[in-house]
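This is what each chain is made of:
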Amino acid sequence: MADPLTLMAVHAHPDDESSSTGGILARYSSEGIQTVVVTCTNGELGDSPGGIKPGDPGHDEFTVARTRRSELEEACRVLGVTHIELLGYRDSGMPDWDYKDRPDAFCNVPTEAAAERVGGLFETYRPDVVVTYDDYAAYNHPDHTKASQVTRAALELTSIPKKLYFTAMSRRNWDKIRTILEEQGSEVPAFPAPSPEMIQRLDELEARITTSVTVLPFAQRKRAALAAHASQLEESFFTRFAPDVFDLAFGQESFIRVSDTTGAPLPETDLFAGLR
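Note that residues are indexed from 1 along each chain, following the sequence as it is written. Given that this is a predicted model, residues contribute local features only at a pLDDT of at least 70 and side-chain atom pairs are listed and counted only at 80 or more, while totals for whole chains, interfaces and linings are drawn from all residues. Side-chain calculation: all heavy atoms of the structure are included, whereas hydrogens and water are not.

S.K.: What should I look at first to understand the overall build of the protein in this one?
M.R.: In this text, helices come from DSSP runs of H or I with a minimum length of four residues, and strands from runs of E with a minimum of two, each type numbered from the N-terminal end. What the protein contains, in helices and strands, is ten helices and seven strands. Taken over C-alpha atoms, the radius of gyration comes to 18 Å for the protein, in line with the 19 Å a tight globule of 276 residues would show. Overall, the C-alpha framework of the protein stretches about 55 × 45 × 35 Å when taken along its three principal axes. When the 276 residues of the protein are sorted by exposure, 50% land in the buried category. Summarising the internal contacts of the protein: among those between residues at least 6 apart in sequence, 78% fall at separations of at least 24. Note on areas: Shrake-Rupley with a 1.4 Å probe; residue coverage comes only from the protein chains shown. Total accessible area on the protein stands at roughly 12700 Å², and carbon and sulfur atoms take up 52% of it. Positive: Lys, Arg. Negative: Asp, Glu. His and the chain ends are not part of the count. By convention, the point assigned to a charge is CZ for Arg, NZ for Lys, CD for Glu and CG for Asp. For the protein, the centre of its 27 positive side-chain charges and the centre of its 43 negative side-chain charges are spaced 3 Å apart. In this description the radius of gyration comes from C-alpha coordinates, and the expected globular size is given by 2.2 Å times residues to the power 0.38. A simple rule labels every residue: compare its accessible area, found with a 1.4 Å probe on the protein chains alone, to the largest value its type can have, and call it buried under 20%, exposed over 50%, or partly exposed in between. When checking whether two residues touch, look at their non-hydrogen atoms; a contact exists if any pair is within 4.5 Å.

So, in structure tokens, the structure goes:
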């Protein structure tokens, strides 16, 4: 009997699976495709209840990690994910935090050692399609960057995955969402003004997009999965969007095809183009 088609998403922290790939996980699981979420870190440098930050009195890394694991399991249940794999590395924290200097932080783990573990999961699940972050991980988060490096190194160890994709954020889509929110008189998320370098990076990233997958029928499942990560996202703009605006914002997920053995033509509307 042939192996089932399989999608594997390699992420840095609990909640990343929902924010950047929740739509495709829900869509492809509904189509009978096996879906595997690999979460590299425990996320222990997330917020404690009440928004307590790491290093502040009352922050407990063990409790945060346990809570986030439970939330991950619920979010994946909502999305219909078939399997969750937890690598258990220590959260490195944000780029400007000192936690990333700890020897046991994920960003400092030898890439080859972590890649062997991910490669072992390739052997176990036989993924046809693998998704992870782009080279710069959008904003240079140490754990996102490391997850990308590890995944690409794992692909060099095996020929099992047929296609590799990076997640990609469409700046034009967010500009459109901002315009609609302003027209509706709705609250517009207050982001820091991007630097010219960041704008250039986002524009370059968008120009590399090869694959846009429609996930509109699953947008509300993505919303529910995000809501499952309440300890980190309860006050997030993700969960404050009106349903129709959320559908508009997250009815499509975009990707950059990095490697492919199928010969499927570009652009694509299906990560499994050339495989079925």
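The discussion continues.
S.K.: Explanation requested: the sheet that holds strand 2 (residues 34-41) in the structure shown.
M.R.: Neighbouring strands of a sheet are bound in pairs by backbone hydrogen bonds; such pairs are parallel or else antiparallel. The strand order across the open sheet formed by seven strands is 3-2-1-4-5-7-6, and the pairing between neighbours is mixed. Every other strand in the sheet has two partners, leaving strand 3 (83-89) and strand 6 (211-214) as the edge strands with one partner each. Going from strand to strand, the sheet's axes swing by 25° on average, the running direction of each strand aside. Note on pairing: two strands pair once DSSP finds at least 2 bridges between them. Relative to strand 2, strand 1 (residues 6-11) is paired through six bridges, and the arrangement is parallel. Across the sheet, the residue bridging to His11 is Thr39, located in strand 2. Helix-sheet contacts for helix 2 (residues 61-79) involve strand 2 and strand 3, and the interaxial angle to strand 3 is about 160°. With axes taken as lines fitted to C-alpha atoms, and helix axes fitted only over the stretch in contact, angles between N-to-C directions fall between 0 and 180 degrees.

S.K.: What am I meant to see in the packing of aromatic side chains here?
M.R.: Here a pair means two rings of Phe, Tyr or Trp (six-membered ring of Trp) with centres within 6.5 Å. Their orientation is stacked below 30 degrees between planes, edge-to-face above 60, and tilted elsewhere. Going through the model one piece at a time under the given rule, you end up with five aromatic pairs. Plain terms: the ring middles of Tyr89 and Phe106 are 5.0 Å apart, the flat faces sit at 25° to each other, and that makes the pair stacked. Residue Tyr89 is found in strand 3, and its partner Phe106 is found in the loop between strand 3 and helix 3 (111-125); the two are separated by 17 residues along the sequence. Taken together, a centroid distance of 6.4 Å and an interplanar angle of 75° make the contact between Tyr165 and Phe255 edge-to-face. Of this pair, Tyr165 sits in strand 5 (residues 163-168) while Phe255 is found in strand 7 (residues 252-260), placing the two residues 90 residues apart along the sequence.

S.K.: Sorry if this is basic, but what is going on with the nonpolar core here?
M.R.: Grouped burial of nonpolar side chains is what soluble globular proteins tend to show. Among buried residues, those of type Ala, Val, Leu, Ile, Met, Phe, Trp, Tyr and Cys that are joined through side-chain atoms within 4.5 Å constitute a nonpolar core. Met8, Val38, Leu87, Phe106 and Phe122 are the most contacted members of the largest nonpolar core, which totals 25 residues. The element best represented in this core is helix 3, accounting for six residues. Counting 24 residues, the second largest nonpolar core, distinct from the first, contains Tyr28, Leu72, Ala225 and Phe272.

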